[in-house]
Amino acid sequence: MRIDHVGIACHDLEEKIALFERTFELTVVAREVNEEQGVKEAMLHIADGEGGGSYIQLLEPLGPDTPVGKFLARRGEGVHHVAFGVPDVARALEEIGGRGVRLLDEKPRHGSMGSSIGFLHPKDVGGMLTELVQAAEPQA
Ligand code: CMX
Ligand code: CO
């Protein structure tokens, strides 16, 4: 397994992109709106590795009644989730669900940059909202 990304909840995406760029000299490699997840987001590249890259994911909610909107109201800005990279997300969900961890997604959904993702309940993972990510196949 590897760390694919760490998701950070913020009120103002453009402001936090600028902060992370100037503080850590990171580069934005993708910007997307994901209606299903209720976010406007940016991926900032950290490193490349076997099985996929690693990133910081900055997340601005599309509204108050979204996962990130509720998180901001309750806890304020900061680390929202950790995403592990796996080779097969459907299989990982099935295996981890079989170990008694509640799945927030029974089936994979669409994630950043063409990935497939699924979330695990934070209460069953020591308070850490956990995402599983299967990176998109590299384009030939
Ligand atoms: N990290 C850790 N704990 C969290 C959490 C987070 N990000 N969000 C909520 N919790 C905790 C709450 O504090 C609460 O704990 P208490 O009962 O002790 O107060 C508990 O989880 C249940 O909270 P809830 O009232 O059910 O909270 P929500 O309705 O906000 O739902 C969650 C929480 C995790 C089920 C929901 O946010 C979810 O389904 N998330 C998955 C999807 C997602 O986060 N998408 C955005 C990112 C998209 C991407 O990365 O691409
Ligand atoms: Co994420």
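Look up a bit, the structure's there.
Residues numbered from 1 in each chain as written. Chains lettered and ligands numbered in written order. Predicted model: local features only at pLDDT ≥ 70, side-chain atom pairs only at ≥ 80, totals over all residues. Heavy atoms only, no water.

Novice: Can you help me understand the environment of Asp12 in this one?
Specialist: For Asp12, the position within the fold is in the loop between β1 (2–9) and α1 (13–24). Take Asp12: its relative accessible area is 32%, and that puts it in the partly exposed class. The residues contacting Asp12, other than those within four sequence positions of it, are Glu60 and Glu77. A polar contact of 3.2 Å, which involves the side chain of Asp12, links it to the backbone nitrogen of Glu14. (Helix = DSSP H or I, 4+ residues; strand = E, 2+ residues; numbered from the N terminus. Buried < 20%, exposed > 50% of the residue type's maximum accessible area, 1.4 Å probe, protein only. Contact = heavy atoms within 4.5 Å. Polar contact = N/O pair within 3.5 Å; in protein donor to acceptor, adjacent residues only side chain to side chain.)

Novice: Explain the nonpolar core here, please?
Specialist: When a protein is soluble and globular, its nonpolar side chains tend to lie buried together. One finds Ile8, Cys10, Leu13, Ile17, Phe20, Leu26, Ala42, Leu44, Ile56 and Leu58 forming the largest nonpolar core, which totals 10 residues. Sorting the residues of this core by element identifies α1, β3 (39–47) and β4 (54–61) as the ones contributing at least two each. With 3 residues, α1 is the largest single contributor of residues to this core. In terms of nonpolar packing, the next biggest core, distinct from the first, is built from 8 residues, Ala92, Leu93, Ile96 and Leu132 among them. (Core = buried A, V, L, I, M, F, W, Y, C linked by side-chain atoms within 4.5 Å.)

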